[in-house]
Amino acid sequence: MPNEKHTLRTDSGIPVETCYYPDASLALDEVERPGEYPYTRGVQPDMYRGRLWTMRQYAGFSTAEESNKRYHYLLSQGVMGLSVAFDLPTQIGYDSDHPLAEGEVGKVGVAIDSIDDMKILFAGIKLSDISTSMTINATGFILLSLYVALAKQQGADLKQLNGTIQNDILKEYAARGTYIYPPKPSMRIITDIFEWCSKELPKWNTISISGYHIREAGSTAVQEVAFTLSNGKAYVKAALDKGLDINVFGKRLSFFFNAHNNLFEEVAKFRAARRMWAAIMRDLGATDPKAMMLRFHTQTGGSTLTAQQPLNNIARVTVQTMAAVLGGTQSLHTNGYDEALSLPTEQAAGIALRTQQIVAFESGAADTADPLAGSYYVESLTHEIEKRATTLMQSIDAMGGSVAAIEQGFMQNEIAASAYDYQRGIEDGSKIIVGVNKFQTEEQNHPPILRVDDSIRQLQSAKLAKLRAERDGAKAAACLQAIHDAALQGNNLMPRVIEAVEQRCTLGEISDVLRNIFGEYKG
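Residues numbered from 1 in each chain as written. Predicted model: local features only at pLDDT ≥ 70, side-chain atom pairs only at ≥ 80, totals over all residues. Heavy atoms only, no water.

Some remarks on the side chain of N247
Line of reasoning, step 1. On the secondary structure map, N247 appears in helix α9 (residues 246-249).
Line of reasoning, step 2. Taking the relative accessible area as the measure of exposure, N247 reaches 16% and is therefore buried.
Line of reasoning, step 3. At a separation of 2.9 Å, a polar atom in the side chain of N247 contacts the main-chain amide nitrogen of D288.
Line of reasoning, step 4. When sequence neighbours within four positions are dropped, the list of residues in contact with N247 reads A286, T287, D288 and A291. (Helix = DSSP H or I, 4+ residues; strand = E, 2+ residues; numbered from the N terminus. Buried < 20%, exposed > 50% of the residue type's maximum accessible area, 1.4 Å probe, protein only. Polar contact = N/O pair within 3.5 Å; in protein donor to acceptor, adjacent residues only side chain to side chain. Contact = heavy atoms within 4.5 Å.)

Comments concerning the sheet that holds strand β11 (residues 331-333)
Line of reasoning, step 1. With respect to topology, nine strands assemble into an open sheet ordered β7-β6-β5-β4-β3-β11-β10-β9-β8, the strand pairing being parallel. The open sheet has two free edges, formed respectively by β7 (204-205) and β8 (207-210), since each of these has just one partner strand.
Line of reasoning, step 2. Here strand β3 (residues 54-59) pairs with β11 via three bridges, running parallel. From the neighbouring strand, R56 faces β11, where its bridge partner is H333.
Line of reasoning, step 3. Packed onto the sheet, helix α1 (residues 64-76) meets β3 and β4 (81-85) and runs at close to 155° relative to β4.
Line of reasoning, step 4. This element, helix α4 (residues 140-154), spans β5 (131-135), β6 (162-165) and β7 of the sheet and lies at about 155° to β5. (Pairing = 2+ DSSP bridges. Axes fitted to C-alpha atoms, helices over the stretch in contact; angles between N-to-C directions.)

Here we look at the environment of L381
Line of reasoning, step 1. For L381, the location among the structural elements is in helix α14 (residues 376-399).
Line of reasoning, step 2. Exposure remark for L381: the relative accessible area of 17% places this residue in the buried category.
Line of reasoning, step 3. Along the chain, L381 and V267 lie 114 residues apart, while their C-alpha atoms are 9.0 Å from each other.
Line of reasoning, step 4. Among all residues touching L381, those that are not within four sequence positions of it are F264, E265 and A268.

Quick look at the nonpolar core
Line of reasoning, step 1. The biggest cluster of nonpolar side chains holds 134 residues, and the ones touching the most others in it are M118, F122, M134, I510 and L514.
Line of reasoning, step 2. Excluding residues that lie within four positions of it along the chain, F122 makes contacts with N68, L82, V84, L127, I130, T132, Y147, L150 and Q154.
Line of reasoning, step 3. Judged by nonpolar contacts, the second largest core, of seven residues, contains V105, A111, L343 and I456. (Core = buried A, V, L, I, M, F, W, Y, C linked by side-chain atoms within 4.5 Å.)

Observations concerning the packing of helix α18 (residues 473-489) against helix α19 (residues 494-502)
Line of reasoning, step 1. Closest axis-to-axis distance for the α18/α19 pair is 9 Å, and the angle between their directions is 165°. Considering their axes alone, α18 and α19 lie roughly antiparallel with respect to each other. Judged by the sense of rotation from one axis to the other, the crossing of α18 with α19 is left-handed. Facing α18, whose interface residues are C479, A482, I483 and A486, α19 presents R496, V497, E499 and A500.
Line of reasoning, step 2. Of the residues belonging to the contact of α18 with α19, the class tally is six nonpolar, no polar and two charged. (Parallel < 35°, antiparallel > 145°, perpendicular 65-115°, else oblique. Left-handed = near helix turned anticlockwise from the far one by under 90°. Nonpolar A, V, L, I, M, F, W, Y, C, P; charged D, E, K, R; others polar.)

So, the packing of aromatic side chains
Line of reasoning, step 1. On inspection of all chains with the given rule, the structure shows 18 aromatic pairs.
Line of reasoning, step 2. For the ring pair Y147 and W204, a centre distance of 5.2 Å and an interplane angle of 50° mean the geometry is tilted. Of this pair, Y147 sits in helix α4 while W204 sits in strand β7, placing them 57 residues apart in sequence. You'll find Y147 and W204 in the same group, each marked buried.
Line of reasoning, step 3. When the centroid spacing of 5.7 Å and the interplanar angle of 75° are considered together, the rings of F257 and F296 count as edge-to-face. Separated by 39 residues along the polypeptide, F257 in strand β9 (residues 253-259) and F296 in strand β10 (residues 296-300) bring together distant segments of the chain. When sorted by exposure, F257 lands in the same class as F296, which is buried.
Line of reasoning, step 4. Over the face of the ring belonging to F439 we find K438, whose NZ or CZ atom lies 5.4 Å from the ring centre.
Line of reasoning, step 5. Note that R515 overlies the ring of Y94, its terminal NZ or CZ placed 4.3 Å from the centroid. (Phe/Tyr/Trp six-rings, centres within 6.5 Å; stacked < 30°, edge-to-face > 60°. Lys NZ or Arg CZ within 6 Å of the ring centre and 35° of its normal.)

Observations regarding the side chain of S67
Line of reasoning, step 1. As for its placement among the helices and strands, S67 is situated in helix α1.
Line of reasoning, step 2. By relative accessible area, S67 is classed as buried at 0%.

Structural notes on the packing of helix α10 (residues 263-283) against α14
A pair of packed helices can be characterised by two numbers: the angle between their axes and the separation between those axes.
Line of reasoning, step 1. Across the interface, α10 lies against α14 with an axial gap of 8 Å and an inter-helix angle of 50°. The angle between α10 and α14 falls in the class oblique. As α10 runs across α14, the sense of the crossing is right-handed. Each of F264, E265, V267, A268, K269, R271, A272, R275, M276 and I280 in α10 lies in contact with α14, whose residues at this interface are Y377, V378, E379, L381, T382, H383, I385, E386, A389, T390 and M393.
Line of reasoning, step 2. Looking at side-chain class alone, the contact of α10 with α14 contains 12 nonpolar, three polar and six charged residues.

Here's the deal with the confidence of the model for the chain
Line of reasoning, step 1. Per-residue pLDDT for the chain averages 94, and the proportion of residues at 70 or more is 97%.
Line of reasoning, step 2. Within the model, pLDDT remains below 50 along residues 1-5, and this stretch shows six contacts once partners closer than five positions in the same chain are excluded. (pLDDT = per-residue confidence, 0-100.)

Here it is, written out as structure tokens:
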């Protein structure tokens, strides 16, 4: 029994232990424990008894000014970490005034063209006081450089800076599509980030290896695990080939998973993924326990939200939140109920955050580690997901790993086949989606939606014109040349890119320097 003053109790006064085991007569060394290899039951011995997961809200839209207002609102409501969404031009390396950016500026995220925008985005927010996650891939090295440059201007100690960049380019080729450069130079940029951060930004998570978008593209839970962990292996091997220490960079790898509606399968998925990753890292040479831990962020399933009867999505997000918490997530974003219609309104974002807080403080789900352990069903699902995902990974290994499997179209074809089967089930009625193919109603009222004005591009273009007129053009050009030379010589790009953004070089200019050297991937 824990110390009385630290005892948690149910509403009936029943004490809740930190962790439960199958048989009280068993010695502890005979059973799996949370916080110990292979981490099936969680990465911390006391899980949320010691510290709750980080409650994030993914936000970013329109201009940096508008996004900054939303961040201050979220922080005032109890959010513990920010999660930044970027617009499509930012994701694929175009400034807002580029012809290909027309119609997309500020639409699916915030437009960030330069250090000037970054200052506005985080105005009034000390980067040393928060944890920031940035959903950015092909241009992840530039956004990280902008963040570092701003932190330096704020006087922050870079050694203490906390956060994550998604930086997972392999899933872009397989599922999402916001890539710029071919796989090999893209992998080189990622390992440059690993190397630089291990020395200069030791608390930063240098990659968030993402199953989320694989699932959004239509994969099954098994495929989400298999393809995500295969991509993780590819990054680890690339870092090892560069001579990096697995026990150093391995601690800064994080993962990003989806949470869908099948509560028990989702819990089992998270448990199986932890166990599999621990074995993979051990086999690749990791000896530090922290380098074997699969730590992950979860976002509730965007593709599960329906435009029909949108308030039903609050219930869906609640189920998915429970799955993430019961599965042992370290960080969580909950979607707004209106996201099948538009970017989330402030009201929808507030309800999404309150959903996490209710689960944390009212449901009892956080009171004990791995509360579904020992369920015949959950344990069976955990073993079956591990078995099936391992079989898929062996097929990928036989092709030469994730890069080869993507180049051969294997992952893309598997995901497409699963997406087709799922949609066919909805259409023939064997898969029920409440309010879509069953229990429909005639809808009279529609919730307010958030619209982003096309004039945002004009505002951003004016900012860019002002920046180019004011900056020292010679210094900016010299910085871009230094990036060009480093890329050709094989030197680490990060110091040069940080210098460039400090001299107000733009995201598009830096991306174009490397486009001219590495080329563009056509798929």
